[in-house]
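So the chains spell out like this:
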Amino acid sequence: MNVHDDTTDKAFRTVGTSRPPAWTGARLDPLTGLPDRGGFIAEIRALQNQGAAATLVSLDIEDFTQINEAFGLDAGDELLRAVAERCERVGRSAGGHHVVGRVGADEFALALVPPASQAWAAAAAWMEDVMLHLQEVLATPYVIEGHSLGVRVRIGRAGLVRGSDAAELLHRAGFARRLGGDGYIVHSYEEKHGERRLVQALHEAIAGCRIEIALQPKVALASGALVGLEALARWRLPDGEQIPPNIFIALAERHNLIGTLGERVLDQALETLAIWGKGDLPRVPIAVNCSAMQFHDGQIVAHVAQALERHGVPPKLLELELTESKLLGNAESAMRTLHGLRSLGVCLSIDDFGTGYSSLNYLRRVPVHRLKIDRCFVRDIAEEPSAREIVHLLIQLAHNLRLKCVAEGIETRAQLAILSEMGCDEGQGFLLATPMSPWAARRHLGRNPPWMALFERTS
Ligand code: C2E
Ligand code: MG
Ligand code: MG
């Protein structure tokens, strides 16, 4: 029994062979030659680490079990290969970068990255074209034993944003597919709400001071002591739907709202410090994330100085987190800004360290206090020797440069134990504490914070 894909006479031989896998320890599905679920997730993480803004498409074959029963397992296998090959073909012809994976028995996933030079609007239009092409190609009948079979492939998608978890996105795209049934439903926030409406709502939220902060503790790994808090922006739509920061920060950057958004976050962090200063809480710094656009607009030093004065907060209680890649653009003016901030007396750290491409010479000259190791490295340290090696090197690098080292995204005791043993100074992550409202932080962060039990047992 043989299945022919009547949209091509090339049959299925090229599936998965057009490009060597980019991850180490390839995990391939023997039937299609495509990355399996683990391999696909590894590819997505590699894309995220390169800062790629991709869309994740989830696909499955409707009534695949019945097709197997009616036509036999060999026909089912050939059908899977045909679907895989069609996905590969659409990905190849799209002109950007793509990865196809077989992520379940009859489930496939396709990550699509627009061509590098495209602006956001052009990339969105490109994506729509690819989705239409994909639908069209997959809907073309498959020929089984001389019979044309109209197989329905369901499609759902999710936007792949930097910092979001690859497995979670795959799940989200799958969820969109199941909800969407016949067609595909759009699961990017901009498309769901309409970019213009979302921007308007964000504008109103900023003007109405409805951007809130959540505080996530940073802990000394040697003792468990609270050493600081990171302020993370939070935004809910009037109906209560929470929009993830990665989405609305990017939106604010695209629509020139990031300056005022950043000021709101800074104001709330300083207001929190000012209120706490009057009580008996430990006086630890609060770190505020700083976007590239804020950093490079030349105003940040003045804005920070004015805000500190307005709230009457000592500068040493404020820390600014800057993403590594953002420091690189326009290196000399970045260096002036960093020195300006340092001379105010605020602390500086490099966020998501290891994901950018810092030259070591540049790193040697930047006047920062801390390096925060990105959580993509921390995530794999218990399982992957290479991740462990990288984290070890980053800790040594920080120490050689006389900087404190902070590990982000600690989720398990094993990760905590490894990082402590490696001499990492500080840690942050869901195992220790999740981000919480300033009110909850005030309640929980007294003398004996909840994560202390972890340190009593591990020490
Ligand atoms: P970031 O600065 O690296 O912040 C850490 C992110 O990791 C936060 O996500 C936090 O909730 C999450 N996280 C903390 N511990 C864990 C863990 O154990 N596991 C996992 N999987 N995640 C953990 P969040 O709040 O979604 O923020 C995402 C990014 O959005 C931030 O990454 C930062 O780049 C940006 N962002 C957030 N607030 C602001 C802001 O006020 N201004 C600017 N410019 N960017 C912000
Ligand atoms: Mg940060
Ligand atoms: Mg980070």
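Described in the following lines is the structure provided in the data block.

What counts and how
Residues numbered from 1 in each chain as written. Chains lettered and ligands numbered in written order. Predicted model: local features only at pLDDT ≥ 70, side-chain atom pairs only at ≥ 80, totals over all residues. Heavy atoms only, no water. Helix = DSSP H or I, 4+ residues; strand = E, 2+ residues; numbered from the N terminus. Buried < 20%, exposed > 50% of the residue type's maximum accessible area, 1.4 Å probe, protein only. Contact = heavy atoms within 4.5 Å. Areas by Shrake-Rupley, 256 points an atom, 1.4 Å probe, with all protein chains shown as cover. Donors = N, O, S within 2.8 Å, 3.2 Å for Na, K, Ca; no water. Lys, Arg positive; Asp, Glu negative; His and termini not counted. Salt bridge = Lys/Arg side-chain N within 4 Å of Asp/Glu carboxyl O. Near = heavy atom within 4 Å. Polar contact = N/O pair within 3.5 Å; in protein donor to acceptor, adjacent residues only side chain to side chain. Core = buried A, V, L, I, M, F, W, Y, C linked by side-chain atoms within 4.5 Å. Axes fitted to C-alpha atoms, helices over the stretch in contact; angles between N-to-C directions. Parallel < 35°, antiparallel > 145°, perpendicular 65-115°, else oblique. Nonpolar A, V, L, I, M, F, W, Y, C, P; charged D, E, K, R; others polar. Pairing = 2+ DSSP bridges. Expected span 1.5 Å × (residues − 1). Phe/Tyr/Trp six-rings, centres within 6.5 Å; stacked < 30°, edge-to-face > 60°. Lys NZ or Arg CZ within 6 Å of the ring centre and 35° of its normal.

1. A short note on the overall build of the chain
Across its full length, the chain carries 19 helices and 17 strands. With 459 residues in all, the chain has 51% of them scored as buried. Contacts in the chain between residues at least 24 apart in sequence constitute 68% of all its contacts with a sequence separation of at least 6. Summing over all exposed atoms, the chain offers an accessible surface of approximately 20,900 Å²; the carbon and sulfur share of this is 52%.

2. Remarks on the coordination of the magnesium ion (ligand 3)
Surrounding the magnesium ion (ligand 3) are the protein donor atoms Asp351 (OD), Asp352 (OD) and Glu408 (OE), which sit 1.8 to 2.3 Å from the metal. Going along the chain, you hit the donors of the magnesium ion (ligand 3) in the pattern D-D-x55-E. Owing to a relative accessible area of 9%, glutamate 408 belongs among the buried residues under this scheme.

3. Observations concerning the coordination of the magnesium ion (ligand 2)
For the magnesium ion (ligand 2), the protein coordination sphere consists of Glu230 (OE), Asn289 (OD1), Glu321 (OE) and Asp351 (OD), at 2.1 to 2.2 Å. One chain supplies every donor to the magnesium ion (ligand 2), and in sequence these donors are spaced E-x58-N-x31-E-x29-D. The distance between the magnesium ion (ligand 2) and the magnesium ion (ligand 3) is 4.0 Å, with aspartate 351 acting as a donor to both metals. Separated by 32 residues along the polypeptide, asparagine 289 in strand E12 (residues 286-290) and glutamate 321 in strand E13 (residues 318-323) bring together distant segments of the chain. The exposure class of glutamate 321 is buried, given its relative accessible area of 1%.

4. A short note on the side chain of aspartate 351
Structurally, aspartate 351 is set in strand E14 (residues 347-353). One buried charged side chain, aspartate 351, makes no salt bridge at all; its nearest oppositely charged neighbour is lysine 372, positioned 4.3 Å away. Leaving out residues up to four positions away in the same chain, aspartate 351 has contacts with Glu230, Asn289, Glu321, Leu322, Thr323, Glu324, Lys372 and Glu408.

5. Concerning the site of ligand 1
Of all residues adjacent to ligand 1, which total 23 residues, the nearest are Asn289, Asp351, Arg375, Glu411 and Phe430. Here a nitrogen atom of ligand 1 sits 3.0 Å away from a polar atom, N or O, in the main chain of alanine 233. In this structure, a nitrogen atom belonging to ligand 1 sits 3.4 Å away from a main-chain N or O atom of serine 291. At the level of secondary structure, the elements contributing two or more residues to the shell around ligand 1 comprise strand E10 (226-236), helix H8 (245-254), E12 and E14. Of all the elements, E10 adds the most residues to the shell around ligand 1, at 4 residues.

6. What about the nonpolar core?
Leu202, Trp235, Val304, Leu318, Leu419 and Trp451 are the most contacted members of the largest nonpolar core, which totals 89 residues. With 9 residues, helix H9 (residues 258-277) is the single largest residue contributor to this core. Not counting the four nearest positions on each side in its chain, leucine 419 is found in contact with Leu221, Val378, Ile381, Val391, Ala407, Ile410 and Cys424. By size, the runner-up hydrophobic cluster in this structure holds 30 residues, among which are Val90, Phe108, Leu110 and Ile155.

7. Remarks on the packing of helix H7 (residues 195-207) against H8
Running from amino to carboxyl end, H7 crosses H8 at an angle of 90°, the nearest separation of the two axes being 10 Å. Between H7 and H8, the angle falls in the class roughly perpendicular. Seen from H7, the contacting residues are Glu195, Leu198, Val199 and Leu202; seen from H8, they are Phe248, Leu251, Ala252 and Arg254. Its residues assigned to classes, the contact of H7 with H8 comprises 6 nonpolar, no polar and 2 charged.

8. A short note on the pairing of E14
Of all 7 residues in E14, 7 are buried, a share of seventy percent or more. Two strands pair when backbone bridges link them, and E14 and strand E15 (residues 370-373) are joined in this way by 3 bridges, in the parallel orientation. Across the sheet, isoleucine 350 pairs through a bridge with leucine 371, a residue of E15.

9. What about helix H13 (residues 331-344)?
Under the 1.5 Å per step criterion, the end-to-end length of H13 is 20 Å for 14 residues, consistent within 8% with the ideal 20 Å. Inspection of H13 places Ser333, Ala334, Met335, Thr337, Leu338, Gly340 and Leu341 among the buried residues, and these make up the whole buried set. Just beyond H13, the residue with positive phi is glycine 345, at close to 100°.

10. Quick notes on the packing of aromatic side chains
In this structure the tally under the stated criterion is 1 aromatic pair. Where tryptophan 235 meets phenylalanine 248, the ring centres are 5.8 Å apart and the plane angle is 85°; that geometry is what we call edge-to-face. Taken together, the residues tryptophan 235 in strand E10 and phenylalanine 248 in helix H8 connect sequence positions 13 residues apart. Of the residues examined, tryptophan 235 reaches a relative accessible area of 2% and is grouped as buried. Over the ring of tyrosine 142 we find arginine 86; its NZ or CZ atom is 3.5 Å from the centre of that ring.

11. Considering the environment of leucine 251
Looking at where leucine 251 falls in the secondary structure, it is placed in helix H8. Look at leucine 251 and you get buried, because its relative accessible area is 1%. Taking the C-alpha atoms as reference points, leucine 251 and valine 199, separated by 52 residues in sequence, lie 7.0 Å from one another.

12. Digging into the pairing of E12
Put simply, side chains in a regular strand alternate between the two faces of the sheet. E12 sits mainly inside the fold: 4 of its 5 residues count as buried. Note that E10 and E12 share 3 bridges and pair parallel. In the sheet register, alanine 231 faces E12, and the bridge partner there is valine 288. Bridge analysis of E12 against E13 gives 5 bridges, and the strand direction is parallel. Along E13, the bridge assignment pairs asparagine 289 with glutamate 321.

13. Here we look at helix H3 (residues 73-94)
With 22 residues, H3 extends 32 Å between its outermost C-alpha atoms, agreeing within 8% with the 32 Å of an ideal straight helix rising 1.5 Å per residue. Taken across its 22 residues, H3 has 16 buried, putting it largely inside the fold. Where H3 terminates, the next one or two residues include glycine 95, which has phi positive at roughly 95°.

This is a description of form; function is not addressed.
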